Each structure stands twice: as C-alpha cells, then as structure tokens.
Amino acid sequence: METVASIPRYLALDVGSKRIGIAVSDELGLTAQPVLTLERRRNPREDLRSIARLCRRFGVAGIVVGNPLSLTGEVGPQAARVQVFAAELGELAGLPIHLWDERLTTHEAHQLLYEAGHARQDHRSVVDQVAATLILQSFLDHLADRPAESS
C-alpha cells in the first residue's frame, strides 16, 4: 500500500508594533485560515514563545512572515525589525522562516472588511488576522504554481 506524503502546514504572521495577526494553512495546504490576533507584550520573548506554542499546536513545518518592504522594495526600519523578530522566532521554534513580500496586504485587508460590511472602527480586532491570511494564501498559491519536484 502506498502512503500519501503529508502536506506541510504553515503558520503565517503579519507582525506589527502593537499586534500580530496569525493564520494557518488547512490540512490540505490549499487555503489559509485566520487564527487570532496576538496583542504584543512588553517583552518580545513572550510573543515569540506564544507563537512557538501555536506552531507546535498546529504541527506546522514552517513559518511565513510578512516582510513589510517599502513600495520600492527596499528594507526600511519596520522591515528590519520584522526580519530580526523572524530570525529569533525561527531559532526558538526550530522551524524554517519564509519572509514573504506583504506590500499592500493591510490595505487589501481593510478593503475586504469594508466590502464585507464591517464598520471601519471594528477592523482593528481582525484586520491583522485578515492580512496574515492574505500573506499565507499568496505563499500557498505560489507553492501550488511551482512544478512538482520529481523523485
């Protein structure tokens, strides 16, 4: 009997200075699902530990971190902070980190929420989760478009 290779799950983060939006891929690796919005704590180590626990809970094979490059594609101060955070998380969780271009995802998340009828003042609680979901879905779509590795 042939065994089906398990499809890796990914956790995605939209890292902000006040909140971190978190999403996870489904068991089939096809869709991104919002998980929660983590309110940042004073000690960034606590945030890292909370995310590492989520990685274990969902059994993920890697972490996709939204890389907030400038519109010209350059690494600004926020992108530099996110990259340091991502590197520390990868070390703590023992998982590969995939930095993923997240330009305009927060804007797109606000637009989706607005179109779904959510009042602008209600966006704060979910916009980071939606942004993380958009980041992860873009990453998953990219993986699906790659030709399969031949064995």
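Quick note: structure is the one above.
None of the values given here were measured: they were computed from a predicted structure.

*Asks:* Now, about the overall build of the protein chain: what can you tell me, with residues and values included?
*Replies:* In terms of regular secondary structure, the protein chain is built from four helices and five strands. The C-alpha atoms of the protein chain give 16 Å as radius of gyration, which agrees with the globular expectation for 151 residues (15 Å, within 12%). Dimensions of the protein chain, computed from C-alpha atoms along their principal axes, come out at roughly 55 × 35 × 30 Å. Taking all 151 residues of the protein chain together, 41% fall into the buried category. If you take every contact in the protein chain between residues at least 6 apart in sequence, the share linking residues at least 24 apart comes to 63%.

*Asks:* Residues and numbers for a positive patch on the surface, please.
*Replies:* On the surface, a cluster of positive charge is contributed by Arg 45, Arg 49, Arg 53 and Arg 56. Of note, Arg 49 is situated in helix H1 (residues 44–58).

*Asks:* Please provide a residue-by-residue account of the side chain of Asp 14, values included.
*Replies:* Checked against the element boundaries, Asp 14 lands in strand E1 (residues 10–15). Apart from residues no more than four positions distant in its own chain, Asp 14 is found in contact with Arg 19, Ile 20, Gly 21, Glu 102, Thr 106, Asp 128, Ala 131, Ala 132 and Ile 135.

*Asks:* I'd like to hear about helix H2 (residues 77–93), residue by residue, with values.
*Replies:* When the terminal C-alpha atoms of H2 are compared, their 24 Å separation across 17 residues agrees well with the 24 Å that a helix rising 1.5 Å per residue should span. Within the sequence span of H2, burial applies to Ala 79, Val 82, Phe 85, Ala 86, Leu 89 and Gly 90. Buried residues along H2 cover an arc of 135° about the axis, so they all sit on one side. Of the residues in H2, the exposed ones pointing more than 90 degrees away from the buried face are Pro 77, Arg 81 and Glu 91. Phi for Gly 94, located one or two positions after H2, is positive at around 70°.

*Asks:* Explain the packing of helix H3 (residues 105–115) against helix H4 (residues 127–145) to me, using residue names and the numbers behind them.
*Replies:* Following both chains from N to C, one finds H3 and H4 inclined at 115°, their axes separated by 8 Å at the closest point. Crossing hand, H3 versus H4: right-handed. The residues of H4 that touch H3, namely those facing Thr 105, Thr 106, Glu 108, Ala 109, His 110, Leu 112 and Leu 113, are Val 127, Val 130, Ala 131, Leu 134 and Ile 135. Its residues placed into classes, the contact of H3 with H4 shows eight nonpolar, three polar and one charged.

*Asks:* Now, about H1: what can you tell me, with residues and values included?
*Replies:* An ideal rise of 1.5 Å per residue puts 21 Å on 15 residues; H1 measures up with 21 Å between its terminal C-alpha atoms. The complete set of buried residues in H1 reads Asp 47, Leu 48, Ser 50, Ile 51, Ala 52, Leu 54, Cys 55 and Phe 58. Buried residues along H1 sit in contact with E1, strand E2 (19–25), strand E3 (32–39), strand E4 (62–67) and H2. The backbone nitrogen of Arg 45 has a side-chain oxygen 2.9 Å away, supplied by the residue at the start of H1, namely Asn 43.

*Asks:* A description of the packing of aromatic side chains should follow, citing residues and the corresponding values.
*Replies:* Under the defined criterion, the tally for this structure stands at two aromatic pairs. A centroid spacing of 5.0 Å and a plane angle of 75° characterise the contact between Tyr 10 and Phe 139, whose relative ring orientation is edge-to-face. Of the two residues, Tyr 10 sits in strand E1 while Phe 139 sits in helix H4, which places them 129 residues apart along the sequence. Under the relative-accessibility criterion, Phe 139 is labelled buried at 4%.

*Asks:* Residues and numbers for the pattern of salt bridges, please.
*Replies:* Considering all chains together, one arrives at six salt bridges under this definition. The shortest N-O distance in the salt bridge between Arg 19 and Asp 128 comes to 2.9 Å. Here Arg 19 is found in strand E2, whereas its partner Asp 128 is found in helix H4, with 109 residues between them in sequence. Accessibility classification places Arg 19 together with Asp 128 in one group, the buried group. Salt-bridge contacts for Asp 101 lead to Arg 103; the nearest nitrogen and oxygen are separated by 2.6 Å. With relative accessibility at 35%, the residue Asp 101 sits in the partly exposed group. Through salt bridges with shared partners, one network takes in Arg 40, Arg 41, Glu 46 and Asp 47.

Conventions and cut-offs
- Residues numbered from 1 in each chain as written.
- Predicted model: local features only at pLDDT ≥ 70, side-chain atom pairs only at ≥ 80, totals over all residues.
- Heavy atoms only, no water.
- Helix = DSSP H or I, 4+ residues; strand = E, 2+ residues; numbered from the N terminus.
- Rg over C-alpha atoms; globule rule 2.2 N^0.38 Å.
- Buried < 20%, exposed > 50% of the residue type's maximum accessible area, 1.4 Å probe, protein only.
- Contact = heavy atoms within 4.5 Å.
- Patch = residues over 30% accessible without salt bridge, like charges linked within 9 Å, V, L, I, M, F, W, Y side chains within 5 Å.
- Areas by Shrake-Rupley, 256 points an atom, 1.4 Å probe, with all protein chains shown as cover.
- Salt bridge = Lys/Arg side-chain N within 4 Å of Asp/Glu carboxyl O.
- Lys, Arg positive; Asp, Glu negative; His and termini not counted.
- Charge placed at Lys NZ, Arg CZ, Asp CG, Glu CD.
- Expected span 1.5 Å × (residues − 1).
- Arc of directions from axis to C-beta.
- Axes fitted to C-alpha atoms, helices over the stretch in contact; angles between N-to-C directions.
- Left-handed = near helix turned anticlockwise from the far one by under 90°.
- Nonpolar A, V, L, I, M, F, W, Y, C, P; charged D, E, K, R; others polar.
- Polar contact = N/O pair within 3.5 Å; in protein donor to acceptor, adjacent residues only side chain to side chain.
- Phe/Tyr/Trp six-rings, centres within 6.5 Å; stacked < 30°, edge-to-face > 60°.

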